Amino acid sequence: MTTKGTGEHCCGTLYVVATPIGNLEDLTPRALRILREVDLVAAEDTRHSRKLFNHYGIETPLTSYFQHNEAAKGEKLLHTLLEGRDVALISDAGTPAISDPGCLLVQRCHEAGVLVSAIPGPSALIAALSMAGLPTERFAFEGFLPAKTHARCQVLRALRQEQRTTVFYEAPHRLVAALQDVLAELGEGRQVAIVRELTKVHEELFRGTAAEACEHFQGKVRGEIVLLIGPAEQSAPEESVQDALRRWRTETDLPMREIVKQVAKVYGLSGSEVYKESLALREEEE
Ligand code: SAM
């Protein structure tokens, strides 16, 4: 186990640093200090990160760490850390390891007993969720939707009864097709939100039903996109179990034992749960 603040530690620390997702002002002061202080910064695309470095006058050496050199480069970075040097990991935008390279290096560091510390900041997922106005108590993040229709429909079909808001990253040229699949699989009334170009000049939030979204986004869509799908409407009746028992008793000639069975079926509850409710109802009425 690697814990923070244990005092003695022979190796360097891997800092997982979040960087802006558009607006360069969204770099935290702590992230800036860490990027200046570490010995080396591992970046997804060094040319891209150079712009951020130039903007802030950061002079720390940059090295590349991207999807296709993750394993080999990760070992080199681990070696650097084991030698006692500090390394910061950044991606092109947002939080590393979230639909971006980083997870493998973090795992290797833990295995090797190297400290890992997060420098939190922007992530398109959280920013989109925080502004979309869909339920946030529970949510699921699914990364990118599959590019092919068949696979995409399968993923969407699994959300028919989903009670959490589901968040996807989506490429602009696939948004229209993805929305058509949402409509086909989840119905035209399903609530969605599409957040485009977060923190940038042309930031846009669309909220509405799947049908309205299909109508709004036609033709060419540009920019970076987060697609959020609201929870399925709960089909459970609003009437309480006791009210249902009372109503069935008035409206039918069925014995209470049969009513309990029927109400249990409608509410998806066990017979004994509904039976308890029927006893409570009887007590209340006596
Ligand atoms: N690690 C990043 C993060 O924490 O947000 C995500 C990286 S992922 C490779 C890139 C995807 O994130 C984009 O294709 C888009 O779906 C979403 N994204 C990134 N920046 C965005 C922005 N400014 N507005 C909307 N979506 C964005």
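Residues numbered from 1 in each chain as written. Predicted model: local features only at pLDDT ≥ 70, side-chain atom pairs only at ≥ 80, totals over all residues. Heavy atoms only, no water.

Trainee: Summarise the overall build of the chain; cite the residues concerned and give the values.
Mentor: Assigned secondary structure in the chain consists of 11 helices and 10 strands. In terms of overall size, the chain is more extended than a compact globule, its C-alpha atoms giving a radius of gyration of 26 Å where 286 residues would be expected to give roughly 19 Å. Principal-axis analysis of the C-alpha atoms places the extent of the chain at approximately 85 × 55 × 35 Å. A separation of at least 24 residues holds for 70% of the contacts in the chain among residues at least 6 apart in sequence. If you sum the accessible surface of the chain, you get close to 15,900 Å²; carbon and sulfur atoms cover 50% of it. Computed over 32 positive and 41 negative side-chain charges, the inter-centroid distance for the chain is 5 Å. (Helix = DSSP H or I, 4+ residues; strand = E, 2+ residues; numbered from the N terminus. Rg over C-alpha atoms; globule rule 2.2 N^0.38 Å. Contact = heavy atoms within 4.5 Å. Areas by Shrake-Rupley, 256 points an atom, 1.4 Å probe, with all protein chains shown as cover. Lys, Arg positive; Asp, Glu negative; His and termini not counted. Charge placed at Lys NZ, Arg CZ, Asp CG, Glu CD.)

Trainee: Lay out the pattern of salt bridges in plain terms, naming residues and giving numbers.
Mentor: Under the criterion given, the structure shown has 21 salt bridges. In this structure, Arg108 engages Glu111 in a salt bridge whose closest nitrogen and oxygen atoms are separated by 2.7 Å. A residue pair is termed a helical-turn pair when its members lie 3 or 4 positions apart in one helix, as Arg108 and Glu111 do in helix H4 (residues 103-112) at 3 residues. Assessed through its relative accessible area of 59%, Glu111 is described here as exposed. (Salt bridge = Lys/Arg side-chain N within 4 Å of Asp/Glu carboxyl O. Buried < 20%, exposed > 50% of the residue type's maximum accessible area, 1.4 Å probe, protein only.)

Trainee: Go over the environment of Thr252 with me, naming the residues and quoting the values.
Mentor: With respect to the helices, strands and loops of the structure, Thr252 is situated in the loop between helix H9 (241-251) and helix H10 (256-267). The class of Thr252 is partly exposed, set by a relative accessible area of 24%. Separated by 33 residues in the primary sequence, Thr252 and Glu285 place their C-alpha atoms 19 Å from one another. Engagement of the side chain of Thr252 in a polar contact is seen with the backbone oxygen of Trp248, the distance being 2.6 Å. Within the structure, Thr252 has its side chain in polar contact with the backbone nitrogen of Leu254 (distance 3.4 Å). (Polar contact = N/O pair within 3.5 Å; in protein donor to acceptor, adjacent residues only side chain to side chain.)

Trainee: How would you summarise the packing of aromatic side chains if you had to cite specific residues and measurements?
Mentor: What the rule picks out here adds up to 3 aromatic pairs. Between Phe141 and Tyr169 the ring centres are 5.0 Å apart and the planes differ by 65°, which places this aromatic pair in the edge-to-face class. In this pair, Phe141 is assigned in strand E6 (residues 139-144) and Tyr169 in strand E7 (residues 165-170), connecting sequence segments 28 residues apart. On the basis of relative accessible area, Phe141 is assigned to the partly exposed category, the value being 28%. Between the aromatic rings of Phe206 and Phe217, the centroid separation amounts to 5.6 Å while the plane-to-plane angle is 75°, which identifies the pairing as edge-to-face. On the criterion of sequence distance, the pair formed by Phe206 in strand E9 (residues 204-209) and Phe217 in the loop between helix H8 (210-216) and strand E10 (225-229) is long-range, its members being 11 residues apart. Using a relative accessible area of 11% as the deciding quantity, one classes Phe206 as buried. (Phe/Tyr/Trp six-rings, centres within 6.5 Å; stacked < 30°, edge-to-face > 60°.)

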